[in-house]
Amino acid sequence: MDIILDGLTKTFTSKENTETIAVNNLCVTIPSGHLVGLLGPSGCGKSTTLFLLAGLHEPTSGKIYFGDEDVTALPPEKRGIGLVFQNYALYPHMTVYDNIAFPLRNSKSFRLSHPDAKERKAAIDDIVIRTAKIVAIEQLLTRKPAQLSGGQQQRVAIARAIAKQPKVLLLDEPLSNLDARLRIQTREEIRRIQQATGITTVFVTHDQEEAMSITDEIIVMKDGVVQQVAPPQETYVHPANAFVAQFMGNPPINFFDASISSGHVILNGDKAIRTTLPDGRYKVGIRPESFVPDEAGKDGVFHVDIGYKATVGRDFQVRFDLNGKYSEALIESDYEVSEGDTVFFSLKKSGVHIFDDQGVRIERW
Ligand code: ATP
């Protein structure tokens, strides 16, 4: 069941009558069974979009479809959604078992489809145990939330959300409260659980690496407006615009103003890379891994003075002034370089992007 957001807009009006357009004319299809990331900086409208999907906010305009069904006016409990928040929101006085069973016991439709109390209890037992197995917490069913780690609590919250067999799973920054190592483990778990259940899932995060590592597609947002909808690698390799190029990747892409002259991008006064674009000033983005140490005097080689060097895993991270902007490169550590050296670089074209004056990436150059 695809989810279709058709011209979805949410405007908040304050008491002083100032308007914030939190989500602006969102038109996106989330394919059935996919795990889709809603990604962007704080305040870009991710949570508002999720709350609109959940039915916790009413849109100012636009429609939401779950498959063929227009759910725009449906209350949350009628949408068939499972919600997981950052703070787990487990019932502290209940065991893990009861936390997972609670929504089923309270579901009118579940009671109607299982009218016999004994049979209903057996059905709940079956679902709780199956779900606990999926999220790998079957050993913890008799514990209370306070006796669990953060990662385990989040798995219980996910189990509770999927026990009702929702059509859509909505996760709002579910990993934010976990420490770095557990965050990585749990995000992989979320991917595994999502694939095991096949539930269409929307995952809100401000962390590009998190979105990159587990999603099928990423919706990148800025100021309530979608910037790009694409598979993770695509947003990195073919960013739609300068904002996406800057948001995806760590260390971030280097941006600066450069001139194009006689078929070459000029960097630090040297001809750096060929282009068919007409002469003029352009915004150029270069990924840190696109700098390749090369020999002086060759065509397409430019020079920089290294101001800083550090070892990052297998690579050297070096910083230098390029066209008046402090820039950063990642180079293989078998290349000998020290602070103060002049280094000659050529560029790998794959990580070099040119943008027009609106920040839109120029496809052919
Ligand atoms: P964060 O990562 O910080 O949670 P976000 O991308 O989820 O941010 P939203 O919470 O969706 O962003 O907020 C989008 C914009 O809408 C922000 O400018 C925010 O201040 C505003 N906003 C959100 N909820 C309300 C509300 N209930 N009333 C007024 N303005 C709101």
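These numbers were taken from a predicted model, which means no experiment stands behind them.

Undergrad: Let's hear about the packing of aromatic side chains: which residues, and what values?
TA: Enumeration according to the criterion identifies 9 aromatic pairs in this entry. Judged by centre distance (4.7 Å) and plane angle (55°), the rings of Y91 and F102 are tilted. With a gap of 11 residues between them, Y91 in the loop between β6 (81-84) and α2 (96-105) and F102 in helix α2 connect regions that are remote in the sequence. We classify Y91 as partly exposed; its relative accessible area is 29%. Ring geometry for F320 and F345: centres 5.6 Å apart, planes at 45°, overall tilted. Separated by 25 residues along the polypeptide, F320 in strand β17 (residues 315-322) and F345 in strand β19 (residues 342-347) bring together distant segments of the chain. Residues F320 and F345 agree in their burial class; the two are buried. A connected cluster of aromatic rings, assembled from ring pairs, spans F291, F302, F320 and F345. If you follow K283 out to its NZ or CZ, it ends over the ring of F255, 4.8 Å from the centre. Over the face of the ring belonging to F316 we find K309, whose NZ or CZ atom lies 4.3 Å from the ring centre.

Undergrad: I'd like a rundown of the sheet that holds strand β20 (residues 352-355), residues and numbers included.
TA: Strand order in the open sheet formed by 5 strands is β13-β12-β11-β14-β20, with antiparallel pairing between adjacent strands. The sheet is open, and its two borders are formed by β13 (270-274) and β20, each paired with just one other strand. In this sheet, adjacent strand axes meet at a mean angle of 45° when their direction is disregarded. Pairing analysis gives 4 bridges linking strand β12 (residues 264-267) to β13, with the strands arranged antiparallel. Paired with I266 across the strands is K271, a residue of β13.

Undergrad: Quick one: what's the story with the sheet that holds strand β4 (residues 61-66), residue by residue and with numbers?
TA: Within the open sheet, the 4 strands sit side by side as β2-β1-β4-β5. Their pairing is antiparallel. With partners counted over all chains shown, the strands left at the sheet margins are β2 (19-30) and β5 (69-70), one partner each. Examined bridge by bridge, strand β1 (residues 3-13) and β2 share 8 bridges and lie antiparallel to one another. Opposite I3, over in β2, you have I30 as the bridge partner.

Undergrad: Please give an account of the side chain of S107 that cites residues and values.
TA: With respect to the helices, strands and loops of the structure, S107 is situated in the loop between α2 and α3 (108-113). Within the structure, the side chain of S107 is placed 3.1 Å from the side chain of S109, a separation counted as a polar contact.

Undergrad: Got a sec to walk through helix α6 (residues 180-197)? Specific residues and values, please.
TA: In a regular helix each residue adds 1.5 Å, so 18 residues correspond to 26 Å; α6 covers 26 Å between its end C-alpha atoms and thus fits that length. Among the residues of α6, T186, R187, E189, I190, R191, I193 and Q194 are the ones counted as buried.

Undergrad: If you had to explain the pairing of β1 to someone new, which residues and values would you point to?
TA: Here β1 runs beside β4; their pairing, made up of 5 bridges, is antiparallel. Paired with I3 across the two strands is F66, which belongs to β4. Here β1 folds back onto β2, and the loop between the two strands holds 5 residues, one of which, N17, carries a positive phi near 75°.

Undergrad: Requested: an account of the packing of α2 against helix α5 (residues 150-163), with residues and values cited.
TA: A pair of packed helices is characterised by two quantities: the angle between their axes and the separation of those axes. Between α2 and α5, the shortest axis-to-axis distance is 8 Å and the interhelical angle comes to 25°. Between α2 and α5, the angle falls in the class roughly parallel. In the crossing of α2 with α5, the sense of the turn from one axis to the other is right-handed. Here V96, N99, I100, P103 and L104 of α2 come into contact with α5, specifically with V156, A159, R160 and A163. Broken down by class, the residue content of the contact of α2 with α5 amounts to 7 nonpolar, 1 polar and 1 charged.

Undergrad: I'd like a description of the site of the ligand, backed by residues and values.
TA: Close contacts around the ligand come from F12, T20, A22, P41, S42, G43, C44, G45, K46, S47 and T48, and that covers them all. Between the ligand and S42, the relevant distance is 2.6 Å, taken from an oxygen atom to a side-chain nitrogen or oxygen of the residue. Residue T48 places a side-chain N or O atom 2.5 Å away from an oxygen atom belonging to the ligand. Considered on its own, the ligand offers 630 Å² of accessible surface; in the complex 58% of this is hidden by protein. Those elements that place two or more of their residues in the shell around the ligand are β2 and α1 (46-54).

Undergrad: Residue-level account of the packing of helix α4 (residues 117-134) against α5, with values.
TA: Viewed as axis vectors pointing N to C, α4 and α5 meet at an angle of 130°, and their least axial separation amounts to 9 Å. In terms of their interaxial angle, α4 and α5 are classed as oblique. α5 is crossed by α4, and the crossing has right-handed handedness. Judged by residue contacts, I127, T131 and I134 of α4 engage A159, I162 and A163 from α5. Of the residues belonging to the contact of α4 with α5, the class tally is 5 nonpolar, 1 polar and no charged.

Procedures and definitions
Residues numbered from 1 in each chain as written. Predicted model: local features only at pLDDT ≥ 70, side-chain atom pairs only at ≥ 80, totals over all residues. Heavy atoms only, no water. Phe/Tyr/Trp six-rings, centres within 6.5 Å; stacked < 30°, edge-to-face > 60°. Helix = DSSP H or I, 4+ residues; strand = E, 2+ residues; numbered from the N terminus. Buried < 20%, exposed > 50% of the residue type's maximum accessible area, 1.4 Å probe, protein only. Lys NZ or Arg CZ within 6 Å of the ring centre and 35° of its normal. Pairing = 2+ DSSP bridges. Axes fitted to C-alpha atoms, helices over the stretch in contact; angles between N-to-C directions. Polar contact = N/O pair within 3.5 Å; in protein donor to acceptor, adjacent residues only side chain to side chain. Expected span 1.5 Å × (residues − 1). Parallel < 35°, antiparallel > 145°, perpendicular 65-115°, else oblique. Left-handed = near helix turned anticlockwise from the far one by under 90°. Contact = heavy atoms within 4.5 Å. Nonpolar A, V, L, I, M, F, W, Y, C, P; charged D, E, K, R; others polar. Near = heavy atom within 4 Å. Areas by Shrake-Rupley, 256 points an atom, 1.4 Å probe, with all protein chains shown as cover.

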